[in-house]
Amino acid sequence: MGSRLNPYIRYNGNARQAMEFYREVLGGKLEIGTIADFGSPGSPNADKVMHAQLDTPHGYMLMACDVDGQVEDVPHSPGNNVAVYLGGDGELRGCFEKLSVGGAVTMPLEKQVWGDEAGALVDKFGITWMVNISLRRT
C-alpha cells in the first residue's frame, strides 16, 4: 500500500452528525468510535467522536473527530484556509446539491475557463467544499 492523503476535519461536538450527513451524500461505510469506545467511558465527553472514518464506493476517505476531549488542548476555530476537494464526473452534481442544503453556495456550479464545471460551497457544518466536474474527453 502506498501513501494516502486524506482530509481530517475537527468539529466542535457535531462530528457524528456531519459524518452521517456525508455518508448520505457520498455513500459508503462509516465507522465511528467515541471517547468511551477508546477506553475512557467515565469521561464527561465519553459520547464525543474520538475518530470517524468514511470510506466511499468511489475510493474517497474522509476522517473526523470532535475537539472536545482530545489529548491536544486546541480550541475549535473553523477557518477558510482548508477545503475538501471533490473531483470527478457528472454524478457529482447531485453531491453538490445535497452538500449545499442548509449551507451556502459561494460559487455556483458552472462551466469554467479550464473547460470543466466547478463550484464551491460551505456546508451546514461550516466546511468548505470545492467540486470540479470534468467535461473534457480524454
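To be clear, the structure that these remarks concern was listed above.
One structure accompanies this document, and this report is about it. Every chain is numbered independently, its residues counted from 1 as its sequence is written. In keeping with the predicted nature of the model, local features appear solely for residues at pLDDT of at least 70, side-chain atom pairs appear and are counted solely at 80 or more, and the whole-chain, interface and lining totals rest on all residues. The basis for the side-chain values is all heavy atoms of the structure; hydrogens and waters are excluded.

**Digging into the overall build of the protein**
For clarity, the threshold we go by: Secondary structure elements are defined from DSSP: runs of H or I of at least 4 residues count as helices, runs of E of at least 2 residues count as strands, and each element is numbered from the N terminus. Burial classes follow relative accessibility: with a 1.4 Å probe on protein chains only, a residue under 20% of its type's maximum area counts as buried, one over 50% as exposed, and anything between as partly exposed. We call two residues in contact whenever any of their non-hydrogen atoms come within 4.5 Å of each other.
On a plain count of helices and strands, the protein comes out with two helices and eight strands. For the protein, the N- to C-terminal ordering of α and β elements is β-α-β-β-β-β-α-β-β-β. Burial status across the protein gives 36% buried among its 138 residues. Partitioning the intrachain contacts of the protein with sequence separation of at least 6 by distance along the chain shows that 52% fall at a separation of at least 24.

**So, the pattern of salt bridges**
Selection rule: Every case where a carboxyl oxygen of Asp or Glu lies within 4 Å of a side-chain nitrogen of Lys or Arg is listed as a salt bridge.
Evaluation of the coordinates by the stated rule reveals two salt bridges. Its salt-bridge partner being glutamate 31, residue lysine 29 comes within 3.0 Å of it at the nearest N-O pair. A relative accessible area of 52% means that lysine 29 is categorised as exposed. Of the residues examined, glutamate 31 reaches a relative accessible area of 45% and is grouped as partly exposed. Taking the shortest distance from any N to any O, the salt bridge between glutamate 117 and arginine 93 comes out at 2.9 Å. Taken together, the residues span a long stretch of sequence, with glutamate 117 in strand β7 (residues 117-122) and arginine 93 in helix α2 (residues 92-100) at a distance of 24 residues. Its relative accessible area of 33% is what places arginine 93 among the partly exposed residues.

**Comments concerning α2**
What counts here: By construction, the arc corresponds to the directions joining the helix axis to the C-beta atoms.
Within the span of α2, buried status applies to Leu92, Cys95, Phe96, Leu99 and Ser100. Summarising the axial view, the buried residues of α2 lie within an arc of 125°, below the 170-degree limit, and thus occupy one face. If you follow the buried residues of α2, they end up packed against α1 (15-26), β5 (84-88), β6 (104-111), β7 and β8 (128-133). In the segment just after α2, glycine 102 is the residue with positive phi, at about 85°.

Honestly, it's all geometry; don't read function into it.
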